[in-house]
Amino acid sequence: MSKGLRILLILLAVAGVFYFFVWDKPHKDMGSARSDSAISANALYQAFDSDETTAQSQYLDKVVEVTGKIRSYEMNTEVQKVILETGDILGGVACELDDLVAPKRTSFQVGEQVTFKGLCTGKLLDVVLVRCVEL
Amino acid sequence: MRFGILLLLTLSLLSTDLVAQKWFTRDGKISFFSEAPLEKIEAENSSGTSVLDAESGRIEFAVLIKGFQFESALMQEHFNENYMDSDKFPKSTFKGYIEDPETILWDQDGEYEVSVKGDLTIHGVTKEVSVPASFSMKEGSLSGNCTFVVAVADYDIKIPKLVRENIAKEVEISVQSDYKIFQ
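Because the structure is a prediction, the values reported are computed rather than measured.

Calculation notes
Residues numbered from 1 in each chain as written. Chains lettered and ligands numbered in written order. Predicted model: local features only at pLDDT ≥ 70, side-chain atom pairs only at ≥ 80, totals over all residues. Heavy atoms only, no water. 1 Å grid on protein atoms, 1.4 Å probe; cavity = no way out; pocket = protein on both sides within 12 Å on 5 of 7 lines; lining within 4 Å. Points joined across faces, edges and corners; volume = space filled by probe spheres on them. Helix = DSSP H or I, 4+ residues; strand = E, 2+ residues; numbered from the N terminus. Nonpolar A, V, L, I, M, F, W, Y, C, P; charged D, E, K, R; others polar. Contact = heavy atoms within 4.5 Å. Buried area = accessible area lost by both parts, 1.4 Å probe. Salt bridge = Lys/Arg side-chain N within 4 Å of Asp/Glu carboxyl O. Polar contact = N/O pair within 3.5 Å; in protein donor to acceptor, adjacent residues only side chain to side chain. Buried < 20%, exposed > 50% of the residue type's maximum accessible area, 1.4 Å probe, protein only. Arc of directions from axis to C-beta. Domains from an automatic or database assignment. Phe/Tyr/Trp six-rings, centres within 6.5 Å; stacked < 30°, edge-to-face > 60°.

Enquirer: Could you clarify how one ought to interpret the layout of surface pockets in this entry?
Expert: Residues and elements named next belong to chain B. A volume near 940 Å³ is recorded for the largest pocket. Around the largest pocket, the lining is made up of 50 residues, and of these Phe 32, Phe 79, Met 84, Val 171 and Ile 173 lie nearest the centre. Going through the elements one at a time, strand E1 (22–35), strand E3 (58–64), helix H2 (73–83), strand E5 (91–98), strand E6 (110–122), strand E7 (125–138), strand E8 (141–151) and strand E9 (170–181) are the ones with two or more residues in the lining of the largest pocket. Considering each element in turn, the lining of the largest pocket owes the most residues, 6 residues, to H2. Here the lining of the largest pocket is built from residues that sort into 40 nonpolar, 9 polar and 1 charged.

Right, dumping it as structure tokens:
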């Protein structure tokens, strides 16, 4: 094997590795992702409501496991979302279900206690977690 | 006693007066799309919040940048870290008003074309924009649609020379929201 061919093969291998692990890397697998923190919906909401900057540095982009009672939920082709009670009249913790994995179930009951694991994206009216999977 | 009942009646009438109604959503869909010679980029966020005051025509929107979902994980990472600095600027907002709110008959079914004007904040930069929007009222539910184009340079989003061919200079943003009556 000539030296040139060998270099070419090595380059191709590197390109292949780059393609699979960097360029085409998959989204985080939420089913197996380890939670960075576990917290109640009340406490998570309070954290953002009282000091948003600190809460952002603590929770943004992190896998957060949140437990609370269901205030409302919406399950249709457009939205799959469960809102958890926080003790605040307006704001809740909104858990958008992960659309990359089939959810454990799509029927819920208001008032039921649930735990979701998801990526925290911040607070608007609600504290929003995306790509949630139920535990 | 009679006064009390009268007051109650007036209040209940007021609260069903659609013209003076406030509308809101926490499931607003915001997506964007751009097509450059080498790459098509699109992402969607389905947790935009919006409040609309029918009487004054005031409208506000907010969206969390980290909530945009891309098909490619790498693109999503670059979007957050290199272009939008979403740790520093986690939200984008729009605060404005419907320029011609009297066009919309809030208590009647119909499709209405209006113009919405206000301050759009992306990446910490605020610009005044005026965009066409359409609202549709059907059986007491209100939905709004709006598509407009922004130039990334206007919002101080820098695209490195190396990837200039991959990323379009203009991005089309679509907003779709189904409002509920705010109680």
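We are not done yet, so read on.
Enquirer: I would appreciate a short explanation of the interface of chain B and chain A in the present structure.
Expert: It is common to give the size of an interface as the accessible area lost on bringing the parts into contact. On the chain A side, the residues contacting the 26 residues of chain B number 26 residues. Summing the contributions of chain B and of chain A, the shared interface buries around 2200 Å²; its carbon and sulfur component is 55%. If you sort the residues of chain B by the area they bury against chain A, Arg 26, Leu 64 and Lys 66 of chain B come out on top, with a joint share of 26%. Remark: the boundary between chain B and chain A carries 6 salt bridges. In this structure, Asp 61 of chain A engages Lys 66 of chain B in a salt bridge whose closest nitrogen and oxygen atoms are separated by 2.7 Å. Counting every contact that joins chain B to chain A gives 14 residue pairs in polar contact (both at pLDDT 80 or more). Of all the elements in the fold, those that place two or more residues in the side of chain B that touches chain A are E1, strand E2 (40–53), E3, strand E4 (69–70) and H2 of chain B.

Enquirer: Hey, could you run me through helix H2 (residues 41–50) of chain A in this one?
Expert: An α-helical segment advances 3.6 residues per turn. Residues three or four places apart therefore align on the same side. Among all positions in H2 of chain A, only Ala 41, Leu 44, Tyr 45 and Phe 48 of chain A are buried. One side of H2 of chain A holds all its buried residues, which, seen down the axis, span an arc of 95 degrees.

Enquirer: When you look at the domain arrangement of chain A in this model, what are you seeing that I'm missing?
Expert: When the domains of chain A are assigned, the result is domain 1 (1–27) and domain 2 (37–134). Between domain 1 of chain A and domain 2 of chain A, the C-alpha centre-to-centre distance is 41 Å.

Enquirer: Help me understand the packing of aromatic side chains in this model?
Expert: When we look at a pair of aromatic rings, we describe it by the centre distance and by the angle of the planes. Under the definition given, this model contains 9 aromatic pairs over all chains. Where Phe 108 of chain A meets Phe 116 of chain A, the ring centres are 6.2 Å apart and the plane angle is 50 degrees; that geometry is what we call tilted. By the burial criterion, Phe 108 of chain A is buried, and Phe 116 of chain A matches it. With centroids separated by 5.2 Å and ring planes inclined at 90 degrees, the aromatic side chains of Phe 24 of chain B and Phe 182 of chain B adopt a geometry described as edge-to-face.

Enquirer: Even after reading the chapter, I still don't get unusual backbone geometry, so can you show me in this structure?
Expert: Peptide bonds are trans in most cases, and residues, glycine excluded, mostly fall at negative phi. Positive phi is not limited to glycine here, since Arg 131 of chain A has a value of about 55 degrees. You can see Arg 131 of chain A is positioned in strand E6 (residues 127–134). Accessibility expressed as a relative area gives 6% for Arg 131 of chain A, which makes it buried. If you check the backbone angles, Asp 85 of chain B has positive phi at about 45 degrees while not being a glycine. In this structure, Asp 85 of chain B sits in the loop between H2 and E5. Here Asp 85 of chain B falls in the partly exposed class, since its relative accessible area comes to 26%.

Enquirer: Any chance you could explain the pattern of salt bridges here in plain terms?
Expert: It is possible for side chains bearing opposite charge to pair when their charged atoms get close. All told, the structure shown has 16 salt bridges over all chains when counted by the stated rule. Linking Glu 52 of chain A and Lys 91 of chain B is a salt bridge whose minimum nitrogen-to-oxygen distance equals 2.7 Å. Placement of the pair is Glu 52 of chain A in helix H3 (residues 52–59) and Lys 91 of chain B in strand E5, with the two residues belonging to separate chains. Here Glu 52 of chain A falls in the partly exposed class, since its relative accessible area comes to 26%. For the salt bridge of Glu 44 of chain B with Lys 29 of chain B, the shortest nitrogen-to-oxygen distance reads 3.9 Å. In this pair, Glu 44 of chain B sits in strand E2 while Lys 29 of chain B sits in strand E1, placing the two residues 15 residues apart along the sequence. Take Lys 29 of chain B: its relative accessible area is 13%, and that puts it in the buried class. Through salt bridges with shared partners, a single network forms among Asp 61 of chain A together with Lys 66 and Asp 87 of chain B.

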